[in-house]
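Tertiary structure, described
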Amino acid sequence: QVQLVESGGGLVQAGGSLRLSCAASGRTFSSYAMGWFRQAPGKEREFVAYITRSGGSTYYAESVKGRFTISRDNAKNTVYLQMNSLKPEDTAVYYCAASQVATTRWTAYDYWGQGTQVTVSS
């Protein structure tokens, strides 16, 4: 089992920045690829970014590429999502998730956090 707890969400003006954190406990964190997903009201869950087990490779949705950065610290069992130049359309609940495979498909992720709300005002 892996337990994931997100933090760092909040209300920010358009153009601002936030850094989300996801702390993991349980089985070996470095054994898992980590992903961030988001879900806005009335919309489907959407892939945001993933990072491989070692952190050596990352991948982003086109909508966030160049603005968001995913990183991880395996010594601290934590994955981060730095979000810059935020837009109102980034408003959503953001979830971190752990998977055996680095993928954009949310169905492949075995463990999920409870989510953290990000609201971007115009």
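Our subject is the structure listed above.
What counts, and where the lines are drawn
- Residues numbered from 1 in each chain as written.
- Predicted model: local features only at pLDDT ≥ 70, side-chain atom pairs only at ≥ 80, totals over all residues.
- Heavy atoms only, no water.
- Buried < 20%, exposed > 50% of the residue type's maximum accessible area, 1.4 Å probe, protein only.
- Helix = DSSP H or I, 4+ residues; strand = E, 2+ residues; numbered from the N terminus.
- Phe/Tyr/Trp six-rings, centres within 6.5 Å; stacked < 30°, edge-to-face > 60°.
- Pairing = 2+ DSSP bridges.
- Axes fitted to C-alpha atoms, helices over the stretch in contact; angles between N-to-C directions.

Moving on, we come to unusual backbone geometry. Note: most peptide bonds trans; most residues except glycine with negative phi. If you check the backbone angles, Asn 77 has positive phi at about 55° while not being a glycine. Classification of Asn 77 by relative accessible area gives partly exposed; the value is 27%. Backbone geometry places Ser 85, a non-glycine residue, at a positive phi of 50°. The residue Ser 85 is located in the loop between β8 (78–83) and β9 (92–99) in this model.

Let us now look at the packing of aromatic side chains. Evaluation of the coordinates by the stated rule reveals ten aromatic pairs. Ring centres 5.2 Å apart and planes at 50° place the aromatic pair Phe 37 and Trp 112 in the tilted group. Here the residue Phe 37 occupies a position in strand β4 (residues 33–39), and Trp 112 occupies one in strand β10 (residues 111–112), the gap between them amounting to 75 residues. Phe 37 sits in the buried class, given a relative accessible area of 1%.

Once that is clear, we can look at the sheet that holds β8. The four strands are arranged β1-β3-β8-β7 in an open sheet whose pairing can be described as antiparallel. Each end of this open sheet is capped by a strand with a single partner; those strands are β1 (2–7) and β7 (68–73). Mean inter-strand twist for the sheet, computed between neighbouring axes without regard to direction, equals 15°. Of the strand pairs in this sheet, β1 and strand β3 (residues 18–26) are connected by six bridges, and their pairing is antiparallel. Considered in β3, the bridge of Val 2 is made with Gly 26.

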